[in-house]
Amino acid sequence: MSLIPFNQASPVGNELGYIEEVLASGHIMGNGPYTRRCEALLESVTLSKRALLTTSCTSALEISALLLNLQPGDEIIVPSFAFVSTANAFVLHGATPVFADIRADTLNLDETQLKKYITSRTRAVIPLHYAGVACAMDAISEIAKRNNLVVIEDNAHGLSGAFQHKPLGSWGQMAALSFHETKNYTCGEGGALLINDEHYIERAEIIREKGTNRQAFFRGEVDKYSWVDFGSSYVLSDILAAMLLAQLDRFQAVYEKRREIWRRYRDSLQSWADAQSVRIPVVPPNCQQACHIFYLILPSENCRDRFIAHMRERDIHTVFHYLPLHLSRMGRRWGGKEGDCPVTEDISTRLVRLPFYYGLADVQQEEIITKIRAFTC
Ligand SMILES: Cc1ncc(COP(=O)(O)O)c(C=O)c1O
């Protein structure tokens, strides 16, 4: 059998048909009919007031950062076990990052420790739903409300997930989605900003359109458009929106396929994992997870690295994940040091992700499972 990659994007529906349509229409810039159709679908599945397609999740996070009007010294709380953009998008626009530790079970921001990171300068908290399993959004929202903090969900992993039956992306004032190649729904590179607090909508549209009121102009609300605020080029091309629409059209089918793959990993690996002291993902009962990642936590770093090598020798690509942000070269600029976030530091050395994508065939998954079961720590 040939190499089984960690990820492989594939069409799931009418991608080529929609792309041909958009090309034939002669209108391929952003903010066109395909963008609007994607946004309407996202609004209906996430229940958010407005979805704005963007060039990436990073761009969506940047728009949310600009909406905060950050002043020098303003702080944001971000989990250290996160992607670079989760912090960088805010730092780029003037925030001081405060790195928080995660829960050992879900690998999400530890809500029981959140209060200790809050100061008089804290403006926002950025919970990340790791692997598409929800953060404890009830507790986080409550603490944020009491301390007047904006909640911006990094929901790059969690589209289709929910917490207490409320969709991920609808808990914070804003949320960011990713449609990068590795995500559950993709157009190669892309993202969206979900806005749940209406008062951000008008300005978010302006920021996305390079600081102009172009969108209001196209709606006929103003007779000229001009430079009215900060902004950048965050609009997604309608060609990519056409690809994305085909993926979103198959929203439930993609979710169900991923759930099947996730469950097969869980059911087939549980006894091996118990025998090897390996931990598989924990999904608390109040979470409907998005089935974005299937990870294993090996007993030690050495064992994790041997596992990756064992799988690679058998032509199966498995990969580690985030390095602690507070220990990165950038994180250390804000005083990050060993021991600040012990759970993050520990998990990051022991976690490995298994191949997981829509087109993963049953026979390939069987092969992966057989090779995993042949590994001993
Ligand atoms: C949690 C998280 N947030 C943000 C991003 C950035 O996404 P994008 O590549 O769409 O900017 C990623 C990328 O993988 C991610 O994992």
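Residues numbered from 1 in each chain as written. Predicted model: local features only at pLDDT ≥ 70, side-chain atom pairs only at ≥ 80, totals over all residues. Heavy atoms only, no water.

### Looking at the site of the ligand
Inference 1: In the vicinity of the ligand there are 14 residues, among which Thr 58, Asp 154, Ser 178, Lys 183 and Tyr 322 approach most closely.
Inference 2: In the model, an oxygen atom of the ligand is placed 2.9 Å from a nitrogen or oxygen of the Cys 57 main chain.
Inference 3: Between the ligand and Asp 154, the relevant distance is 2.7 Å, taken from a nitrogen atom to a side-chain nitrogen or oxygen of the residue.
Inference 4: Protein chains shield 91% of the accessible area of the ligand, which is 400 Å² for the free molecule. (Near = heavy atom within 4 Å. Polar contact = N/O pair within 3.5 Å; in protein donor to acceptor, adjacent residues only side chain to side chain. Areas by Shrake-Rupley, 256 points an atom, 1.4 Å probe, with all protein chains shown as cover.)

### A few points about the packing of aromatic side chains
Inference 1: Taken as a whole, this structure holds 15 aromatic pairs when the rule is applied.
Inference 2: Ring geometry for Tyr 130 versus Tyr 295: centroids 5.9 Å apart, planes at 45°, classification tilted. Of this pair, Tyr 130 sits in the loop between strand 4 (122-125) and helix 5 (137-146) while Tyr 295 sits in strand 11 (residues 295-297); the two residues are 165 residues apart in sequence, bridging distant segments of the chain.
Inference 3: Accessibility expressed as a relative area gives 1% for Tyr 130, which makes it buried.
Inference 4: Measuring from centroid to centroid gives 6.5 Å for Trp 272 and Phe 307, while their planes differ by 40°, and the two rings are tilted. Placement of the pair is Trp 272 in helix 9 (residues 251-276) and Phe 307 in helix 10 (residues 301-313), with a sequence separation of 35 residues. (Phe/Tyr/Trp six-rings, centres within 6.5 Å; stacked < 30°, edge-to-face > 60°. Helix = DSSP H or I, 4+ residues; strand = E, 2+ residues; numbered from the N terminus. Buried < 20%, exposed > 50% of the residue type's maximum accessible area, 1.4 Å probe, protein only.)

### Digging into helix 12 (residues 342-350)
Inference 1: Along helix 12, the residues that are buried comprise Thr 344, Glu 345, Ile 347, Ser 348 and Arg 350.
Inference 2: Where helix 12 is buried, its residues contact strand 3 (96-100), strand 11, helix 10 and strand 12 (351-353). (Contact = heavy atoms within 4.5 Å.)

### With respect to the domain arrangement of the protein
Inference 1: As assigned here, the protein comprises domain 1 (15-249) and domain 2 (251-373).
Inference 2: Here domain 1 and domain 2 share an interface that buries about 3,200 Å² over both sides, 64% of which is from carbon and sulfur atoms.
Inference 3: There are zero salt bridges connecting domain 1 and domain 2.
Inference 4: On the surface where domain 1 and domain 2 come into contact, there are 17 residue pairs in polar contact (both at pLDDT 80 or more).
Inference 5: Elements with a contribution of two residues or more to the side of domain 1 that touches domain 2: helix 4 (84-91), strand 3, strand 6 (162-163) and helix 8 (238-249).
Inference 6: When its residues are assigned to classes, the side of domain 1 that touches domain 2 shows 24 nonpolar, 12 polar and five charged. (Domains from an automatic or database assignment. Buried area = accessible area lost by both parts, 1.4 Å probe. Salt bridge = Lys/Arg side-chain N within 4 Å of Asp/Glu carboxyl O. Nonpolar A, V, L, I, M, F, W, Y, C, P; charged D, E, K, R; others polar.)

### Quick look at the pattern of salt bridges
Side chains that differ in sign of charge can pair as their charged atoms come close.
Inference 1: Applying the stated rule across the entire model yields 25 salt bridges.
Inference 2: One salt bridge connects Glu 39 with Arg 208, and the closest N-O pair in it is separated by 3.0 Å. With Glu 39 in helix 2 (residues 33-46) and Arg 208 in helix 6 (residues 201-208), this residue pair connects regions lying 169 residues apart in the sequence. Taken individually, Glu 39 and Arg 208 each receive the classification buried, so the pair is uniform in this respect.

### Side note on the packing of helix 2 against helix 8
The geometry of a pair of packed helices is captured by two quantities: the angle between their axes and the separation between those axes.
Inference 1: At a closest axis distance of 8 Å, the pairing of helix 2 and helix 8 adopts a crossing angle of 35°. When the axes of helix 2 and helix 8 are compared, the crossing they make is left-handed. Contact residues: helix 2 offers Pro 33, Tyr 34, Thr 35, Arg 37, Cys 38, Leu 41 and Leu 42, while helix 8 offers Asp 238, Ala 241, Ala 242, Leu 244, Leu 245, Leu 248 and Asp 249.
Inference 2: Of the residues assigned to the contact of helix 2 with helix 8, the class counts are 10 nonpolar, one polar and three charged. (Axes fitted to C-alpha atoms, helices over the stretch in contact; angles between N-to-C directions. Left-handed = near helix turned anticlockwise from the far one by under 90°.)

### Topic: the pairing of strand 1 (residues 50-54)
Inference 1: Across the five residues that make up strand 1, a large majority, five, are buried.
Inference 2: Where burial is concerned, the two faces of strand 1 agree: the one with Arg 50, Leu 52 and Thr 54 and the one with Ala 51 and Leu 53 are both buried.
Inference 3: Sheet topology places strand 1 next to strand 9 (residues 191-195); five bridges connect them, and they run antiparallel. Paired with Ala 51 across the bridge in strand 9 is Leu 194. (Pairing = 2+ DSSP bridges.)

### A word on the pairing of strand 8 (residues 174-178)
Inference 1: Most of strand 8 sits inside the fold, with five of its five residues counted as buried.
Inference 2: Of the two faces of strand 8, the one carrying Met 174, Ala 176 and Ser 178 and the one carrying Ala 175 and Leu 177 are both buried.
Inference 3: Note that strand 5 (residues 150-154) and strand 8 share three bridges and pair parallel. When the sheet's bridge partners are listed, Ile 152 is paired in strand 8 with Met 174.
Inference 4: Pairing analysis gives five bridges linking strand 8 to strand 9, with the strands arranged antiparallel. Residue pairing in the sheet places Met 174 in a bridge with Ile 195 of strand 9.

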